[in-house]
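# Structure assessment
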Amino acid sequence: MTASPPLSVRSALWGAVAFFVCALAVAAAALIQTTRDAALSESETQLSRYVSGAEAALNRAFLSVDVLLAGTDQLLDMAGGPHGRALSDAASAVLQRAARQNLSVRLVALLDAQGHLLASSTPRGAELELRLPEGFVEEALAPTVSALTISPPTRSFSSSESVMYMARHLRAANGARQVAVAEVSVSLLASVLTQGVQIPALEVTLETGDGAVLLAVPELADSGPRKAITPLAQVLRESGTWETPTRLRGLPGRVLARSIIYDDLWVTASLPRHAVLAPWRTEATAVAWVTGVFVFLLLLAATLFIRYLQRMADARQALAQSKLRLDQALESMVSGFVLLDEQHRVQHWNQRFDEIFPWLAGMMAPQLPFRKILEATVVHHLPQATASERAAWVERRLLEQQKSEGPHEQQLPNGRTLQITEHRTPDGGMVITYSDVTDMRRARAEIETLAFYDPLTGLPNRRLLLDRLGQATERAQRSGQLGALLFLDLDHFKTLNDTRGHEIGDELLLQVAQRLSASVRSADTVARLGGDEFVIMLCDLSSGAVDAAAQAQRVAEKLLRALEQPYTLQGHKHQSTASVGATLFGASACSAGELLRQADIAMYQVKARRGNGLCFFDPQMQTAISERAELEVDLKNALRQSELVLFYQPQFAQNGSMVGAEALLRWQHPERGLVPPGAFITAAEESDLIVHIGNWVLQTACAQLMQWQNDPLCDKLQVSVNVSARQFRHPHFVDQVLQTVACLGSRAHLLTLELTESLVLDNVEETVARMHQLRARGIRFSVDDFGTGYSSLAYLTKLPLHQLKIDQSFVRNLGVRPTDDVIVQTIIGMASNLELEVIAEGVETSAQRDMLLHYGCGYFQGYLLARPMPVADLCALLAGRAAGMQA
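This section reports on the structure supplied with the text.

What counts as what
- Residues numbered from 1 in each chain as written.
- Predicted model: local features only at pLDDT ≥ 70, side-chain atom pairs only at ≥ 80, totals over all residues.
- Heavy atoms only, no water.
- Helix = DSSP H or I, 4+ residues; strand = E, 2+ residues; numbered from the N terminus.
- Expected span 1.5 Å × (residues − 1).
- Buried < 20%, exposed > 50% of the residue type's maximum accessible area, 1.4 Å probe, protein only.
- Arc of directions from axis to C-beta.
- Contact = heavy atoms within 4.5 Å.
- Axes fitted to C-alpha atoms, helices over the stretch in contact; angles between N-to-C directions.
- Left-handed = near helix turned anticlockwise from the far one by under 90°.
- Nonpolar A, V, L, I, M, F, W, Y, C, P; charged D, E, K, R; others polar.
- Pairing = 2+ DSSP bridges.
- 1 Å grid on protein atoms, 1.4 Å probe; cavity = no way out; pocket = protein on both sides within 12 Å on 5 of 7 lines; lining within 4 Å.
- Points joined across faces, edges and corners; volume = space filled by probe spheres on them.
- Parallel < 35°, antiparallel > 145°, perpendicular 65-115°, else oblique.
- Phe/Tyr/Trp six-rings, centres within 6.5 Å; stacked < 30°, edge-to-face > 60°.
- Lys NZ or Arg CZ within 6 Å of the ring centre and 35° of its normal.

## Quick notes on helix α3 (residues 89-101)
- Taking 1.5 Å as the rise per residue, α3 with 13 residues should run 18 Å; its terminal C-alpha atoms sit 19 Å apart, in good agreement.
- If you check which residues of α3 are buried, you get A91, S92, V94, L95, A98 and A99. Axial view of α3: buried residues confined to an arc of 160 degrees, hence all on one face. Projecting away from the buried face of α3 at angles above 90 degrees are the exposed residues D89, R100 and Q101.
- Contact partners of the buried residues in α3: α1 (7-70), α2 (72-75), β1 (105-112) and β2 (117-120).

Here's what the structure looks like:
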């Protein structure tokens, strides 16, 4: 759980942060507003200065032109000259000199009242083609008193530049009215108007009071009369703020106007507000960003400080929890605990310490010297000791503590054992733990017993036996006295366990262990390996192998006799026997595991002879077992490498026609050649290989039936396949067979499965169920080697059989032993009554066939008729018989 800083601290911190953020925001806003006002004020001041300057400059420019025009008559001596000539080359020359003295004008011309050119300041003189704005001459002549008249900007005919015309009417000596005209370049006036001032977005106009624009900077139109804008008088009434529309673009801004010396002419200067505030916006944005950064840094600092406080609170909480957990851990320790400082005084102890040393509970206190604890403890440890003996014990204990060489034990008066562990701390103190190891010592003893002794009988188990056997073998090799190992297994113990329960079986094992232990010397070892397997190790026998074997045999026979005696198991008598395998040890180096295996092999030889006996290990047994293992490996390889083949022995009816064949397995070994089934079937049946081999035989036989269905000679042949007991009892046997014969379809009746009599009678109910599942698909069944078992006629009637096969042992003795003749006749008669087919195998003589025919046997199989052969030879035999019949 995460701890949080106190609410008051967080509230105060965020309150201070909020205050500073607000202060920053207010200061930034005030700064932005101040700079805005300053920008507007400064621009207004600059605009005012500019307008005043423009007014003065324009007055000077216009006045110079006006003076030039007003003095034209004097320059031409018009005022009082005796001659009345209006224009002449001399007049043009005078005008030319006058125009040169005034840089503001392009030309000066003199026109009569009708607008005809009388003279000009250009080299062409009166020949100049001057085009004035329409009505301009009349406008100049209109005033009663001569006044300066200014035209709107127009395009000069001679120079194509934008110009303005200024005119003043004059009166000649003869009283004729004339007009003096000056052409002034608009660009020149614009330069006079702007005075070279660089004010962004500045709008300057020269206009009349009614809003007629004579000159505008910047130019918004190339030529022609300008449209009137809002009358200046109205603008001046509304001016005074930065919301006034500018004279040219009509944008909100500041407009200032000054009238010049000529009536109804005004100079205006306009500044759009957005242009004035553009630099301010940049500064305001910068201020806002800086303020935002400061606010962010402030918030970040506050957050980091809160996190710092959070971590400090977490650390304090973790420290408190650690201390609490430490206290809880110390109190919940199963060991006593005491912490001493560098002066060996008590700093801390737990409750368990008080429980272990109850006599110290009342005196334990911080800063108590550890010597006092020892002096109080020795009184209880050595109640009968003298004071000097107790003092010596205390000093010895303190000396042991100084050395601190590792854990040591201490016996308490109540019989409990303590393990004391002492560790020094970095500051010179000491941590002492007191662990009660009494139960651990007892548990260790119990574990040792469980690890080396059988829990049921109390006899040594396999681990302890192997250890003792290894030691006994080494001792026998050194002393020359041989030993013997007897491997004993109870006969039919599983039957007892399954029928009467495990409790009865355990009781029998206990009594067997007691009898075995009572029948051997104390130096010998009787061990139980598990289940009903016991091992007896006999030591210190004779040095001669024959004598040692004889001694071991006598002991084994004694054991067998002891075990044959009746047992009383829960009030019931029980008789039991055992199988014993023996081997000698000590003559040569041999591992304990190898000796056990040898005795085990010898014991299984007794089992193979129906038990209740003794057998010594023979090396030939090992050879046979090794060969068996090698044979199993070769069989696995044979399956993988397709070395197995099927031979077929034909089966004939009474009329001599071939009706089917029995599939017989052969092994085409790469080194041994063709191996008959008798050499490997037993090994296969004792392992799971028989299941895989049986499946292969079944699949191969079915595949052969599929091939024959298109051959007229073979399409009616039946194939018999032998099924082993292990294969038949396999959980998936029925599914595997059905899947295999699925390819045959309606021809499944050509497949006959041969089952042994013992297989059929083992678990009859399951057998019948499986046979019915397969018979429903058309598969036929035959009982192989019939008559060799102990069949019950009642069981036989339940089985869905099609055929009985008379065993060849009966056929071989026909006419030799009368009993076999009777058995054969009985089988044939019984099969006839049960409506079953009968086939005799092993028919090797004509006499046997004739007798079988006489008794009513329907089908025959044997060397007399045909030997087992490859499928190709079988097909050739059929073809030959068919050709012979046609001939």
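Don't stop here, the text continues.
## Here we look at the packing of helix α15 (residues 502-518) against helix α16 (residues 545-564)
- The N-to-C vectors of α15 and α16 enclose an angle of 145 degrees; their axes lie 10 Å apart at closest approach. The way α15 lies across α16 gives a crossing that is right-handed. Across the interface between the two elements, V512, R515 and L516 of α15 pack against L559, A562 and L563 of α16.
- Residues belonging to the contact of α15 with α16 are distributed by class as follows: five nonpolar, no polar and one charged.

## Side note on the pairing of strand β7 (residues 203-208)
- Within β7, six of the six residues are buried, which leaves the element mostly enclosed by the surrounding structure.
- Of the two faces of β7, the one lined by E203, T205 and E207 and the one lined by V204, L206 and T208 are each fully buried.
- Adjacent in sequence and paired antiparallel, β7 and strand β8 (residues 213-217) are bridged by four residues, among which G211 carries a positive phi angle near 100 degrees.

## Some remarks on empty space enclosed by the protein
- Inspection of the entire model under this criterion finds four cavities of 30 Å³ or more.
- By volume, the largest cavity is sized at about 80 Å³.
- In terms of lining residues, the largest cavity is bounded by F353, F357, L360, F370, I373, L374, T377, W393, R397, Q410 and Y434.
- Looking at the lining of the largest cavity, the elements with two or more residues in it are α10 (370-381) and α11 (387-403).
- Looking at side-chain class alone, the lining of the largest cavity contains eight nonpolar, two polar and one charged residues.

## Some details on the environment of Q825
- For Q825, the position within the fold is in helix α27 (residues 818-833).
- In this structure Q825 comes out as partly exposed when scored by relative accessible area, which is 40%.
- For Q825 and H854, which are 29 residues apart along the polypeptide, the C-alpha to C-alpha distance reads 9.6 Å.

## Quick look at the packing of α10 against α11
- One way to put it is that α10 packs onto α11 with a least axis distance of 9 Å and a crossing angle of 130 degrees. Judged by the angle between their axes, α10 and α11 are oblique. α11 is crossed by α10, and the crossing has right-handed handedness. Judged by residue contacts, F370, R371, L374, E375, T377, V378, V379 and H381 of α10 engage R390, W393, V394, E395, R397, L398 and Q401 from α11.
- A class-by-class count of the residues in the contact of α10 with α11 yields seven nonpolar, three polar and five charged.

## Topic: the layout of surface pockets
- Of the volumes computed, that of the largest pocket is approximately 830 Å³.
- In terms of lining, the largest pocket is formed by 32 residues, of which the most central are E662, L664, P677, N722 and D784.
- Each residue belonging to the lining of the largest pocket can be placed in one class, and the counts come to 13 nonpolar, 10 polar and nine charged.
- Its boundaries defined by the atoms lining it, the second largest pocket holds a volume of some 360 Å³.
- What lines the second largest pocket is a set of 14 residues, and nearest its centre among them are L148, T149, I150, D263 and L265.
- Tallied by class, the residues present in the lining of the second largest pocket amount to nine nonpolar, two polar and three charged.

## Re the side chain of T149
- Tracing the backbone shows T149 in strand β3 (residues 149-150).
- Those residues within four positions of T149 in sequence are excluded, and the remaining contacts are F136, E139, A140, Y165, M166 and A167.

## Brief notes about the sheet that holds β8
- Spatially, the five strands line up as an open sheet ordered β8-β7-β11-β10-β9, and their pairing is antiparallel. Every other strand in the sheet has two partners, leaving β8 and β9 (244-245) as the edge strands with one partner each.
- Pairing of β7 with strand β11 (residues 265-272) involves six bridges; the strand directions are antiparallel. Each bridged residue has a counterpart across the sheet, and for E203 the counterpart in β11 is S270.
- Of the strands in this sheet, β7, β10 (252-259) and β11 touch α1, which is tilted by about 35 degrees from β10.
- In the packing of helix α5 (residues 186-194) onto the sheet, contacts are made with β7, β8 and β11, and the angle to β8 comes to roughly 65 degrees.

## Quick word on the pairing of strand β30 (residues 803-806)
- Neither face of β30 is left uncovered, since the one carrying Q803 and K805 and the one carrying L804 and I806 both have all their residues buried.
- Inspection of the sheet shows strand β29 (residues 780-786) paired to β30 by three bridges, in the parallel sense. Residue pairing across strands places F786 opposite I806, the latter belonging to β30.
- The sheet contact formed by β30 and strand β31 (residues 837-841) spans four bridges and is parallel.

## Digging into the packing of aromatic side chains
- Here the structure, examined in full by the defined rule, presents eight aromatic pairs.
- When the centroid spacing of 5.7 Å and the interplanar angle of 70 degrees are considered together, the rings of F19 and F20 count as edge-to-face.
- With a relative accessible area of 57%, F19 lands in the exposed category.
- Plain terms: the ring middles of F357 and Y434 are 5.1 Å apart, the flat faces sit at 85 degrees to each other, and that makes the pair edge-to-face. Pair noted here: F357 is in the loop between α9 (351-356) and α10 and Y434 is in strand β16 (residues 430-436), with a separation of 77 residues, a long-range link.
- Note on Y434: relative accessible area 4%, which makes it buried.
- Taking NZ or CZ as reference, R36 lies 5.9 Å from the ring centre of W280, over its face.
- In this arrangement the basic side chain of R463 is found over the ring face of F452, its NZ or CZ atom lying 5.9 Å from the centre.

## Let's talk about the sheet that holds β16
- One open sheet holds the five strands; their spatial order is β13-β12-β16-β15-β14, and the pairing between them is antiparallel. Edge positions in the sheet fall to β13 (346-349) and β14 (408-411), since each of these pairs with one other strand and no more. Mean inter-strand twist for the sheet, computed between neighbouring axes without regard to direction, equals 25 degrees.
- Sheet analysis places strand β12 (residues 336-340) next to β16, joined by five bridges and oriented antiparallel.

## Structural notes on unusual backbone geometry
- Between V217 and P218 the backbone carries a cis peptide bond, its omega angle lying at 5 degrees.
- Backbone geometry places H344, a non-glycine residue, at a positive phi of 60 degrees.
- Among the secondary structure elements, H344 is positioned in the loop between β12 and β13.
- On the basis of relative accessible area, H344 is assigned to the buried category, the value being 19%.

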